[in-house]
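# Remarks on the overall topology
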Amino acid sequence: MGRTDRASRVIAAPPAAVYGALLDREFLEVWLPPDGMRGRVERWDPRPGGGFRMVLTYLDPADSPGKTSDATDVVDVEFAALMPPERVVQRAVFEADDPSYAGTMTMIWHLTAAGEGTEVTVTATGVPPGINQADHEAGIASSLANLASYVEAAD
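These notes cover the structure that comes with them. Per chain, residue numbering runs from 1 following the sequence as it is written. Whole-chain, interface and lining totals are the exception, using all residues; otherwise, since this is a predicted model, local features are given only for residues with pLDDT of at least 70 and side-chain atom pairs are given and counted only at 80 or more. As a convention, hydrogens and water are excluded, and side-chain values are obtained from all of the structure's heavy atoms.

All right, on to helix α3 (residues 133-154) then. Strands are runs of DSSP state E lasting at least two residues, helices are runs of H or I lasting at least four, and both sets are numbered from the N terminus onward. One less than the number of residues in a helix, times 1.5 Å, gives the span that helix is expected to have. Between its first and last C-alpha atoms α3 spans 31 Å; for 22 residues at 1.5 Å apiece the expected length is 32 Å, and the two agree. Regarding α3, the residues found buried are His136, Gly139, Ile140, Ser142, Ser143, Leu144, Leu147, Ala148 and Val151. Residues of α3 that are buried make contact with β1 (4-11), α1 (15-22), α2 (25-31), β6 (105-114) and β7 (117-125). Buried, partly exposed and exposed residues are distinguished by accessible area as a fraction of the type maximum, computed with a 1.4 Å probe on protein chains only: under 20%, between the cut-offs, and over 50%, respectively. Every residue pair with non-hydrogen atoms within 4.5 Å of one another is taken to be in contact.

As structure tokens, then:
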């Protein structure tokens, strides 16, 4: 069903530190928005079955119109599974009138010890067809780069 988008990166920090950044509201607002966006968490419940609502705002909406409004993407994310420090499974639903963004996308954040660091692989399945694959994979890679910068600076 649908396609699968992936990106991965080795982060110079232990899996526990990376996992902690995946479940910290303030940190998530800083590193999750890809380049060209900023984020705000409106609801936060970090437990299996809980989740969060994030408003992503485009810094220049003229080049990238949003899914929810001209300048925003709003996404409701459920934590389907939390397995410290190895995996976070999220189910994401975009708030959008356009049916090409409908459906539930599953994102699996898999953390594996890699020498002195952690390899983080993000696999997205059930990606709505309105989301361009190259753009989505570039966005995931950008979020991973932000995560690396954030976690490596804190370590």
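Following the structure, the description resumes.
This part takes up the pairing of strand β5 (residues 87-95). At least two DSSP bridges between two strands are needed for those strands to be called paired. Judged from the nine bridges that link them, strand β4 (residues 72-83) and β5 form a sheet pairing that is antiparallel. Bridge assignment links Leu82 to a residue of β5, and that residue is Val88. Pairing of β5 with β6 involves six bridges; the strand directions are antiparallel. Opposite Val89, over in β6, you have Ile108 as the bridge partner.

Glancing now at the nonpolar core. One broad rule of soluble globular proteins: the nonpolar side chains tend to lie buried together. Side-chain atoms within 4.5 Å link the members of a nonpolar core, which is a set of buried Ala, Val, Leu, Ile, Met, Phe, Trp, Tyr and Cys residues. Among the nonpolar cores identified, the biggest contains 39 residues, and Trp109 and Leu147 are the most heavily contacted of them. Not counting the four nearest positions on each side in its chain, Trp109 is found in contact with Leu22, Trp31, Leu32, Glu86, Arg87, Val88, Gln90, Val120, Thr121, Val122 and Leu144.

In this section: the sheet that holds β1. The strand order across the open sheet formed by seven strands is β1-β7-β6-β5-β4-β3-β2, and the pairing between neighbours is antiparallel. Single-partner strands in this sheet number two, and they are β1 and β2 (37-45). Between one strand axis and the next, the sheet turns by 20° as a mean value, whatever way the strands run. Angular values range over 0 to 180 degrees, each being the angle between N-to-C directions of two axes fitted as lines to C-alpha atoms, with helices fitted over their stretch in contact. Relative to β6, α1 is tilted by about 155°, and along the sheet it contacts β1, β2, β4, β5, β6 and β7. Strands β1, β6 and β7 of the sheet are contacted by α3, whose axis makes an angle of about 20° with β1.

Positionally, Glu152 belongs in helix α3. Classification of Glu152 as partly exposed rests on a relative accessible area of 33%. Along the backbone, Glu152 and Ala17 are 135 residues apart, and their C-alpha atoms lie at a distance of 9.2 Å. Filtering out sequence-adjacent residues up to four positions away, Glu152 remains in contact with Val10, Ile11 and Ala12.

Interpretation note: all reported values are geometric properties and have no functional meaning in isolation.
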